[in-house]
Amino acid sequence: MSPSDRSHELYRRACELMPAGVDSPVRAFRSVRGEPFFYERGQGCHVVDVDGNRYIDYVGSWGPLILGHAHPEVVEAVARTAASGLSFGAPCRQEVELAELVTAAAPHLEMLRFVSSGTEAVMSAVRLARGATGRDGIVKFSGCYHGHADHLLVSAGSGLATFGTPSSAGVPESFARHTYVLPLDDEGALGSLMEVRGSEIAAVIIEGVPANSGLLVQRPAFMRRLRELCTRHGALLILDEVITGFRLGPNGAAALYDLRPDLATYGKVIGGGMPVGAYGGRRELMERLAPLGAVYQAGTLSGNPVAMAAGIATLRSLLADGGSAYAELERLGAALAGGLAELFGRAGLPWSVVRVGSILWLALQAGEPPRRYEDIDPGCAATYAALHRALLGRGVSLAPSAYEVAFVSLAHDDAVIAQTLEAFEEAVREIG
Ligand SMILES: *Cc1c(COP(=O)(O)O)cnc(C)c1O
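About the cut-offs
- Residues numbered from 1 in each chain as written.
- Predicted model: local features only at pLDDT ≥ 70, side-chain atom pairs only at ≥ 80, totals over all residues.
- Heavy atoms only, no water.
- Salt bridge = Lys/Arg side-chain N within 4 Å of Asp/Glu carboxyl O.
- Helix = DSSP H or I, 4+ residues; strand = E, 2+ residues; numbered from the N terminus.
- Buried < 20%, exposed > 50% of the residue type's maximum accessible area, 1.4 Å probe, protein only.
- Polar contact = N/O pair within 3.5 Å; in protein donor to acceptor, adjacent residues only side chain to side chain.
- Domains from an automatic or database assignment.
- Contact = heavy atoms within 4.5 Å.
- Buried area = accessible area lost by both parts, 1.4 Å probe.
- Expected span 1.5 Å × (residues − 1).
- Arc of directions from axis to C-beta.

Chemist: Any chance you could break down the pattern of salt bridges for me, citing the residues and the numbers?
Modeler: Counted by the stated rule, this structure contains 19 salt bridges. One salt bridge in this structure joins Arg282 and Asp262, with 2.6 Å as the shortest N-O distance. Placement of Arg282 in the loop between β12 (277-281) and α9 (283-286) and of Asp262 in the loop between α8 (252-256) and β11 (263-266) is noted, with a sequence separation of 20 residues between them. Note that Arg346 is salt-bridged to Glu342, the shortest N-O span being 3.1 Å. With Arg346 and Glu342 both in helix α11 (residues 324-346) and four residues apart, the pair spans about one turn of that helix. Judged by its relative accessible area of 52%, Arg346 is exposed. One connected set of salt bridges, linked through shared partners, spans Arg227, Asp262, Arg282 and Glu284.

This is the structure in structure tokens:
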């Protein structure tokens, strides 16, 4: 049998039944012009596909698996909780415990509500912002991803118009007209828009550190200005910490920028691999949610005990030993980024490695790492596709898109990072 026979056969069957054989587009490997492999199991920093190939994994289920795959404490908590019932659609002890852990990490989270995905968290936070301010306008930034709710699947309009245009078929123009899209890293553009439209804006939403179109690290001055302008114009600042929450540290990007958002959204790490999202903020805002207030939002599986148990076990493990986990993530991230930068230098490649803690992105282009989506060279996608394939062949799995970041987990170690660097060395030579 060839090393991908079983994956190939499953993919063929999947494509008959599901669009492109997947439940989420990037999984289809289109942007690396390949065919996806089917996962059989994961353990620590490794995954094994259905053909028995083993890879060092830097996808980490797109961020949640900060402890690595199948962490024994998380698996045990899930199994134990599941044995007492999967879902009640009613209050359970685990919701209170996870809410205590999450809110204790962030001073701006006086209250929160759990949902089942990051998309749902953002969609609900935006509705709450609109309900609380009585305004309809939303400002987002080009290159930031906030899930697939209609009013956020919007990209910058052409020319000087900052009105958004739908970035997906099926999103009405009339919805997109409520969303303004601005470039990141541009206080001037933000200031001008708020000057003219500030009184119509319910919320400005930004990723903690934009990590869905490369890793676009923002200047602290830009984040400060964002906070000031929201306050001045009565717009709420929503910090989307779905990736960064508990990934960069307990208080995510809010701590990195010393920022106090009005609302924050969570997902990924707080569910430890189970479907969990959350949104929260000041008490007087959160108390506008039904049944206390007029903003409706609900969920059959929200706060279900098994998902909550995975989150609790993950956060407890992360927060044990006074947060030494974050020092270790920083050390591992720096070792990988440093090794890669050195290797690219030796190979005479003008590429850079952008890193915040355990989140890394390969900027396969010359010059300063970009801070704005518009500054990412689309030409890097072809190089990335070749690199991605060469690495898979050497047992290293990166995300199947040039625009996606890599995640280091606590299950990675120095030996695995050394192995990864060796694989890169060979891969770079191969595609040279
Ligand atoms: C992943 C992500 C979302 C959406 O979360 P889902 O759980 O995939 O719906 C929202 N915002 C950011 C910043 C994300 O990275």
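Chemist: Quick rundown of the side chain of Thr179? Include the residues and the values.
Modeler: Here Thr179 shows up in strand β8 (residues 179-182). By relative accessible area, which is 0% here, Thr179 ends up buried. A polar side-chain atom of Thr179 sits 2.8 Å from the main-chain carbonyl oxygen of His151.

Chemist: I'd like to hear about the domain arrangement of the protein, residue by residue, with values.
Modeler: Domain assignment breaks the protein into domain 1 (5-70 + 323-431) and domain 2 (72-316). Taking only C-alpha atoms into account, the centre of domain 1 sits 26 Å from that of domain 2. The partner domain 2 presents 32 residues to the 26 residues of domain 1 that form the contact. Taken as a group, Tyr326, Val356 and Arg371 account for 27% of the area that domain 1 buries against domain 2, more than any other trio of residues on that side. At the junction of domain 1 and domain 2, the tally comes to zero salt bridges. Where domain 1 touches domain 2, the interface holds eight residue pairs in polar contact (both at pLDDT 80 or more).

Chemist: Tell me about helix α13 (residues 414-431), residues and numbers included.
Modeler: Helix length check: α13, at 18 residues, gives a terminal C-alpha distance of 26 Å against a target of 26 Å (1.5 Å per residue), a fit within 8%. Looking only at α13, the buried set comprises Val416, Ile417, Thr420, Leu421, Ala423, Phe424, Ala427 and Val428. Along the axis of α13, the buried residues cluster in a sector spanning 165°; they form a single face. Residues of α13 that are exposed and point over 90 degrees away from its buried face: Ala415, Glu422, Arg429 and Glu430. Elements in contact with the buried residues of α13: β2 (46-49), β3 (54-57), α11, β14 (359-363), α12 (380-392) and β15 (396-397). The N-cap residue of α13 is Asp413: its side-chain oxygen and the backbone nitrogen of Ala415 are 3.2 Å apart.

Chemist: Account for helix α6 (residues 187-197), with residues named and values stated.
Modeler: Burial in α6 covers these residues: Leu190, Gly191, Leu193 and Met194. Taken around the axis of α6, the buried residues stretch over an arc of 170°, which confines them to a single face. For α6, the exposed residues set more than 90 degrees away from the buried face come down to Glu195 and Val196. Looking at the packing, one finds that the buried side of α6 touches β5 (137-141), β8, β9 (201-207) and α7 (220-233). Where α6 begins, one side-chain oxygen reaches toward the backbone nitrogen of Gly188, 3.1 Å away; that side chain belongs to Asp186.

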